[in-house]
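# Breakdown of the fold
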Amino acid sequence: MTTVIRRASLSDLGLICRLRIQRTAWLTARGSDQWTVAGRGLPIEIFARSVGRSLDAGETWIAEVAGEPAGTITVNDQADPGLWSPWELADAVIVHYMIVELRFAGQRIGHRLLAHAASLAREQQRHWVRLDAWTTNTDLHDYYRSAGFHLARIAGPVTSGPSRALFQRRSDSWTFEPITTVLTRVPEPQPGFEAHSGGR
């Protein structure tokens, strides 16, 4: 089944927040503190504000399967201070907020979103796709390894945030899947949706 990846609009903010809440509950049920306030994750209001800025900048994407939202990813050249060096940032795109809807788990939606990040890197003539993963979530680390990433390092004591496991993969190492269609148009806002400003 074809996966369509389109640029997200402000009308997708509620959807992305719901995906974050859904995944946080799923992680908590499995003993992870990822994205929880207790684990120093961003409260949902601050997460929403951060995603809203990325939506305004055209940095956020939605994967759809048969017209149903299946996941999201934000891709830009920014990272929290102290994670990546300036020269590492200059030659990479950085992945944020990749979330797959639970109904589509196991269907390689995340792999396709990461491949999309690689295609954006190549368009920008950047050689790396980089990301920071929740430091204590070793299952997530294994997932990124299965997606072809390798652990560059755990960020040092200067960085005190909860996501300090730094992973990277060369942007030219992907074999792009022909079943993925990339659409770059911005969908029209849907009537009846009021976007809220609002975080990690």
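See the structure shown above.
We now turn to the structure provided with this report.

Analysis parameters
- Think of each chain on its own: its residues are numbered from 1, step by step along the sequence as written.
- Only residues with pLDDT of at least 70 get local features here, since the model is predicted, and only at 80 or more are side-chain atom pairs given and counted; chain-wide, interface and lining totals rely on the full set of residues.
- Side-chain numbers here rest on the full set of heavy atoms in the structure, without hydrogens or water.
- Per the convention used, a helix needs a DSSP run of H or I reaching at least four residues, while a strand needs a run of E reaching at least two, with both numbered from the N terminus.
- Throughout, exposure labels follow a simple rule: accessible area from a 1.4 Å probe, protein chains only, divided by the maximum for the residue type, with under 20% read as buried, over 50% as exposed, and the rest as partly exposed.
- Computed with a 1.4 Å probe, the accessible areas rest on the Shrake-Rupley method; for each residue, only the protein chains presented here act as cover.
- In this analysis, axes come from line fits to C-alpha atoms, helices being fitted only over the stretch in contact, and the angle between any two N-to-C directions falls in the range 0 to 180 degrees.
- Between 65 and 115 degrees an angle is taken as roughly perpendicular, under 35 as roughly parallel, over 145 as roughly antiparallel, and anywhere else as oblique.
- We call a crossing left-handed when the near helix sits turned anticlockwise from the far one by less than a right angle, and right-handed when that turn is clockwise.
- Every residue pair with non-hydrogen atoms within 4.5 Å of one another is taken to be in contact.
- Throughout, the ten residues Ala, Val, Leu, Ile, Met, Phe, Trp, Tyr, Cys and Pro are labelled nonpolar, Asp, Glu, Lys and Arg are labelled charged, and all others, Gly among them, are labelled polar.
- Among the buried residues, those of types Ala, Val, Leu, Ile, Met, Phe, Trp, Tyr and Cys that are joined through side-chain atoms within 4.5 Å form a nonpolar core.
- Ring pairs shown here join Phe, Tyr and Trp side chains whose ring centres sit within 6.5 Å, with only the six-membered ring taken for Trp; geometry is labelled stacked below 30 degrees between planes, edge-to-face above 60, and tilted in between.

This paragraph deals with the overall build of the chain. Scanning the chain for helices and strands turns up five helices and eight strands. Overall, the chain shows an N-to-C arrangement of helices and strands of β-α-α-β-β-α-β-α-β-α-β-β-β. Residues classed as buried in the chain amount to 53% of the 200 residues present. With the model as given, the accessible surface of the chain reaches about 10,000 Å², and the carbon-plus-sulfur share is 54%.

Moving on, we get to the packing of helix α4 (residues 109-123) against helix α5 (residues 138-146). Interaxial distance between α4 and α5 falls to 11 Å at its minimum, and their mutual angle equals 60 degrees. Accordingly, the angle class assigned to the pair α4 and α5 is oblique. The hand of the α4/α5 crossing is right-handed. Touching G110, H111 and L114 of α4 are Y143, Y144 and S146, all from α5. Residues belonging to the contact of α4 with α5 are distributed by class as follows: three nonpolar, three polar and no charged.

Moving on, we get to the nonpolar core. Counting 30 residues, the largest nonpolar core has I73, L114, V129, Y144 and F149 as the members making the most contacts within it. Elements represented by at least two residues in this core include exactly β2 (60-65), β3 (68-76), β4 (92-100), α4, β5 (128-133), α5 and β7 (165-170). Residues in contact with V129, not counting those within four places in the same chain, are V93, V95, A117, A118, A121, F149, F167, Q168, R169, S171 and W174. Membership of the second largest hydrophobic core comes to 16 residues, among which are I16, W35, A48 and I99.

Under the definition given, this model contains five aromatic pairs. Centre to centre, the rings of Y144 and F149 are 5.9 Å apart; their planes meet at 70 degrees, and the pair counts as edge-to-face. In terms of burial, Y144 and F149 fall into one category: buried. Aromatic rings pair up to connect Y143, Y144, F149, F167 and W174 into one cluster.

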